Each structure stands twice: as structure tokens, then as C-alpha cells.
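Chains, contacts and geometry: an overview
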Amino acid sequence: MPRRSTNDFTIRVATVNGSGSQSSNLALSNAIFRLGIPVAPKNIFPSNIEGLPTWYDIRVTSKGYQCRTRDVDVLVALNASTWREDIVNVKAGGLVIHERAYPVSQTQRDDVTYYAVPFAEMGKQHFENADLRKYLVNMIYVGVLGELLGIDEATIEAGIATQFRNKPSAVAASMNAARLGFEFARNELQKQDAFHLERMSGKTDGTLFIDGNRAAALGCVMGGCTVAAWYPITPSSSLCENFIAIAEKYRVDPKTGDKRVAIVQAEDELAAAGVVFGAGWAGARAMTSTSGPGLSLMAEYAGFGYFAEIPGVIFDVQRAGPSTGLPTRTMQGDVAFAYTLSHGDTKHIVLLPGTVDEAYAFAMDAFDLADRFQTPVFVLSDLDLGMNSWMTKPLPYPEKSFDRGKVLSADDLAKLGSWGRYRDVDGDGIPYRTLPGTDHANAGFFTRGTGHDEQARYSEDPQTWRSGLDRLVRKHQTARECVPRPIADERGCRAGILAYGTTHHAIVEARDLLSRDGVALDYLRVRALPLAASVTEFVERHERIYVIEQNRDGQLYGILRGELPAHLVGRLRSIRHYNGVPIDALAVAEPILEAEREPAILGAAS
């Protein structure tokens, strides 16, 4: 028998889209999580509703890594069309659980352990309802894995109950199917592989298992959002769907039962953005969620919100483009686009969460920043963060009050006598505003997306136009130190890594891999645009900076080259991952190791 592997391997389930396998895989992931073992599931699914191949990787890692790995140690093969290709990806010494009808002779692998299970036959024998059969057959492999890997039935049942917490009627049937798998493996399979799961303590204590879209939706509720306008698009739809579900429960007047939230499914993304800025102008906290193609349609309203200075929050859960691209694959391809969305001279506040707790916290921050700076704020997640489940620390109840920014009340207006809607009185670039309905004769003003002066009067005067644009630059500069600050881990190394978003999780593991080869690197994670001054300072302290991101063109690398002092630009090195699947540690470690071993760098180091 191969060397024992405990709590450190990857399970891949290969099946077809629309078979209900995601529920089974999440139930299995929840069960492993309940054993106290860190787990990182990644769903690689096609963009059709049903029929095409889909893969689901469950990384089990005692070290707590949360990124994808290229390795496949345990394969559950339930797709005849990809059977031979799936076998190729299994590591030597791995195990393969497969439909008995698939001929092992086709695989030409004698360095893996095979377990043949008659899934189709068992399904026909035990499940009369053909519509339910394909879903319940998936629960059979959950039971088989439970028996082979060492997950007890009670833990599997708890995982199933968690997955179907909103549909308790499905728990009993699903668990009965899982028991069939337990019984078959116990009676018919003789364990010959090296893979085991053993309960751990301290690794998952006090943590949650949740996806980023749900966390962001909860952050919207906690951040005071009362208007959501949206048009469904993968992979952002579940953000608004979760917001609706949470708001229908908690945005309700306890005495009258009246809903305290407005939900508008608009005819398209442009209309959704219009609703958001209309609500923001009226004083509500409003948001929409979309992905790259929808963001393109919102460009006109983004420019209007920026120039007319109206708050609004736009969540962009990024997917692979350009065009329709790969709708169900992950990327960081909208960063440069969102930063300057709209025509003309425009720069927006962009938040870049990399973890579930940041998806939650940055959702709240976005509404404060939008109100404070009277501008659109973009929150750029991605499919990996938004749709996959992650371990996270508990999401804290907010303690601070809302920051509504420079809003003048009737009493304020009475004291002022006169004011200018677009006038900067204290040098931070942010003017004062009033909200509709303020009971004072001087409260009104024109909201203009055309040229205007400090009093909001129409103007085409060249100097007035230039002064207005310069003030917006001052406002953008003020935002540099108000957005979420970068997080640094410095140890005095000569070289460093700079990254953002979910790339973080691959970098955590990559730094460990590099250290084994004697390469130590500092690390700065950017969490927002505009860039804080500490980014320039970090680059200044290092000879080389590797900018890691998940897009083809090195978009943050380009922003850095445009905004850093000229003498620092030559220190940047761009490393890009853009195949649509989440970045893994080797995609970071291998190019850095190669670069660090270049003769010029080795000579300088010696």
C-alpha cells in the first residue's frame, strides 16, 4: 500500500452539469469541515444549463490553504465522455472511484487504485422516481467516500442537513442514498489506497463556511442598503438573490409588517444603474450587482454619477472576458475598466476584497464611501470568491454608525444663508449636498451631468470647466487614505510580491513553497483604488516587485506604471494567470523562482 496520506489531498468529482452534484459536493465539503479539517472547494462548471462536463475539486489541507491545487489525488468518475481524460490527471498512487460500466482497460493506468461501483444500477434499483434518481445517485458516492476516507455516517448526515437547511424534506432521502454508498463500500470494497481523514482540533474552531456573494449581501443589509436594482447575470445573481432573501426577513417593520426595502429587477443593466443613482440622489443607500458585460452597459450612468456627484454602489463579480467570454470562469479582468469607467476623465473608488470577511466588510464600507465622497463606488469580487464556499472567521455585527458625509440639514441652511452645491469649502474636494424634502427655501439645486459651476448653474466657461475637473481630482486624492488600506507582511527582504483579491490565497502557499527553495519575499496586498501612499513606499523599499494578477494584460501593473514615480517603474515585474480557473500556488512560485535564479539577480544578491 502507498504511503499514508492524512488530511492533505484533493478530491475531484467529474460529472455532468445539471445532475445536482454541487449539492452532494457541498454536503461532503461541509462534512469534512465538521471534522475540524480545513477544506477549500472549487466548482469548475460549464455555462450551459445541463449536459456538459463539470468538475468539482475539494481540497483537504491540514495547513489551511484555501487556493486551488493542480493535483488530483482522489477521483470520482461519473462522466463517461471525460472518463479517460479525467484519469490522466490523477497523481500516481491516487484512487479512482468510478461507474462500474466504465472499462478500466481504456485508462492504461496501473499506478492508481480503482474502486468500481454500480452507481447506475443502484440508482435504478433503489430510486423509482427517474427525475430524482440522478440527484440521489450523487449521494451514493458521498457515502462511498465517507466509508473509504473515514467520515462517520453522523457527520455525513450533519453535512447533508447543512446543505439542505432550507429544504429539510430532502435530508432523509439524501441520507438514505448516502447509506447505500456506505453499505456498498463496507461490504464490497477492500481498501487499498493511502487516503484518510482524521478529526482535527483548532483548525476550524469558530469559523464559518460561506460564499462571498452571500457575505456581501449580508454586508449590504448591515450597511443600510434599502434599494437594490439588478438584472440577472452569472456569477453575480446570487448576491442580489441573497440580499432579497435576507431583506425580506429583516427589512420589515415589526409592527406593521411593511417591507422597508425596494427591489427592482430592471429591463437591463443600464436601467438598473439608473435606479441606483436615482435612489442615491433621493438619499437612499442603493446598489446593484453585475459582471463584466453588465458593467459595460453601466458606463454612461457611472460617468453621470461621478460628474453629478451622486452616491451608488456597484458590485462587479468578475468573470472571464472579453465579450461573453467564459461566463462561468473566474478572472480579474475588469480592474482597469472599472477604475476609469465612462468616457472623459473619470476615476472611481474601487474596493478589492480578497476574502469572505472582506466581501462582507467592504460591502458596508462601500455605502459609507459612496455617501462620504458622493460618487459611485465599485466592489470588485470574482467568481471564485463570489460563488465558491470559503472558511472564514465570524462576520461581526457593525459597531460604527453610518457615515452620510456632508449633508446639510434645514438648521444648517438657516445658519449658512447661502451655499454652493459644487463648492469645495475646505480643500478636500468634497462639496456639501442636501437631500430632497429638506424643509428650507435654499435646499434646492440643479443636479447636472453637463458643465456646471459651483452653484450648479449651467456653464460652458473653460476655466469653470477646468476648475470643476481639478476639484474632482482633489476628491480622488482625498480618497487615497480613506479607502481600505493595503495589508503588508514585511521581513526586510530585497524583493516583494504585490497582489489583490483572491490571488492572495495562492500567494500564501506560494511564499511557503518559495521559502523551501531559499527564496524569501515580502508581500503587500492592495485592497482598493486609488492606491494609498504606502504602496509607493513599499515599492521604494524593494529592488524587485512581482505584481501577481489574474488577467492577461497586467491591469494593476499598468495602473502602477502610470501612477508610481518614474524611477520606481523599472522595479516592477508582471506575472499573469488567465486561463479561467482559480490561480494556484505554482502559478505564482514557478515564475518567481525562475526569475530569482537569473544570473543578474543572483550576482546582485551575492
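So, a few notes on the structure that sits alongside this text.

This part is about the overall build of the protein chain. The number of helices and strands found in the protein chain is 22 helices and 22 strands. In summary, the protein chain has a C-alpha radius of gyration of 27 Å against a globular reference of 25 Å for 606 residues, a match within 12%. Projected onto the principal axes, the alpha-carbon positions of the protein chain cover approximately 85 × 75 × 40 Å. Here the protein chain, with 606 residues, has 57% of them falling under the buried criterion. The long-range fraction of contacts in the protein chain, counting pairs at least 24 apart against all pairs at least 6 apart in sequence, stands at 77%. Summed over all atoms, the accessible surface of the protein chain reaches about 25500 Å², with 50% contributed by carbon and sulfur.

Next up on the list: the pattern of salt bridges. As enumerated under the stated definition, the model contains 45 salt bridges in all. The salt bridge involving arginine 4 is made with glutamate 198; its shortest N-O contact spans 2.9 Å. Note that arginine 4 is positioned in the segment before strand E1 (5-6) and glutamate 198 in the loop between strand E8 (195-196) and strand E9 (208-211), a separation of 194 residues in sequence. Looking at arginine 4, the relative accessible area reads 48%, which means it is partly exposed.

Attention now goes to the sheet that holds strand E6 (residues 90-99). Adjacent strands of a sheet form backbone hydrogen bonds with each other and so pair up, either parallel or antiparallel. In space, the six strands of this open sheet follow the order E3-E4-E2-E5-E6-E7, with mixed pairing throughout. Both outer strands of the open sheet, strand E3 (39-44) and strand E7 (113-117), are each paired with one neighbouring strand and no more. Along the sheet, successive strands turn relative to each other by an average axial angle of 15 degrees, direction set aside. As paired elements, strand E2 (residues 8-16) and strand E4 (residues 53-61) share nine bridges and run antiparallel to each other. Looking across to E4, one finds that phenylalanine 9 is bridged to valine 60. Together, E2, strand E5 (72-77), E6 and E7 form the strand contacts of helix H4 (residues 130-149), whose direction differs from that of E2 by roughly 160 degrees.

Right, let's talk about the packing of aromatic side chains for a bit. Under the definition given, this model contains seven aromatic pairs. Look at phenylalanine 307 and tryptophan 465: their rings are 5.3 Å apart centre to centre, the planes differ by 50 degrees, and that puts the pair in the tilted class. Of this pair, phenylalanine 307 sits in helix H11 (residues 299-308) while tryptophan 465 sits in helix H16 (residues 462-479), and the two are 158 residues apart along the sequence. When its relative accessible area of 43% is taken as the criterion, tryptophan 465 is described as partly exposed. When the ring centre of phenylalanine 402 is taken as origin, the NZ or CZ atom of arginine 285, which lies over that ring, is 4.6 Å away. A cation over an aromatic ring shows up here: arginine 448 above the ring of phenylalanine 446, its NZ or CZ 4.9 Å from the ring centre.

What follows is about unusual backbone geometry. Geometrically, the link from glycine 321 to proline 322 is a cis peptide bond, its omega value of 10 degrees lying close to zero. By the element assignment, proline 322 lies in the loop between strand E13 (312-318) and helix H12 (335-339). Here the residue pair leucine 529 and proline 530 is connected by a cis peptide bond, since its omega of 5 degrees sits within 30 degrees of zero. Along the chain, the position of proline 530 falls in the loop between strand E20 (528-529) and helix H18 (533-540). Backbone geometry places serine 323, a non-glycine residue, at a positive phi of 55 degrees. With respect to the secondary-structure elements, serine 323 resides in the loop between E13 and H12. Judged by its relative accessible area of 66%, serine 323 is exposed. Phi at serine 342 is positive, roughly 110 degrees, even though this residue is not glycine. Here serine 342 shows up in the loop between H12 and strand E14 (349-351).

Scoring rules and cut-offs
Residues numbered from 1 in each chain as written. Predicted model: local features only at pLDDT ≥ 70, side-chain atom pairs only at ≥ 80, totals over all residues. Heavy atoms only, no water. Helix = DSSP H or I, 4+ residues; strand = E, 2+ residues; numbered from the N terminus. Rg over C-alpha atoms; globule rule 2.2 N^0.38 Å. Buried < 20%, exposed > 50% of the residue type's maximum accessible area, 1.4 Å probe, protein only. Contact = heavy atoms within 4.5 Å. Areas by Shrake-Rupley, 256 points an atom, 1.4 Å probe, with all protein chains shown as cover. Salt bridge = Lys/Arg side-chain N within 4 Å of Asp/Glu carboxyl O. Pairing = 2+ DSSP bridges. Axes fitted to C-alpha atoms, helices over the stretch in contact; angles between N-to-C directions. Phe/Tyr/Trp six-rings, centres within 6.5 Å; stacked < 30°, edge-to-face > 60°. Lys NZ or Arg CZ within 6 Å of the ring centre and 35° of its normal.

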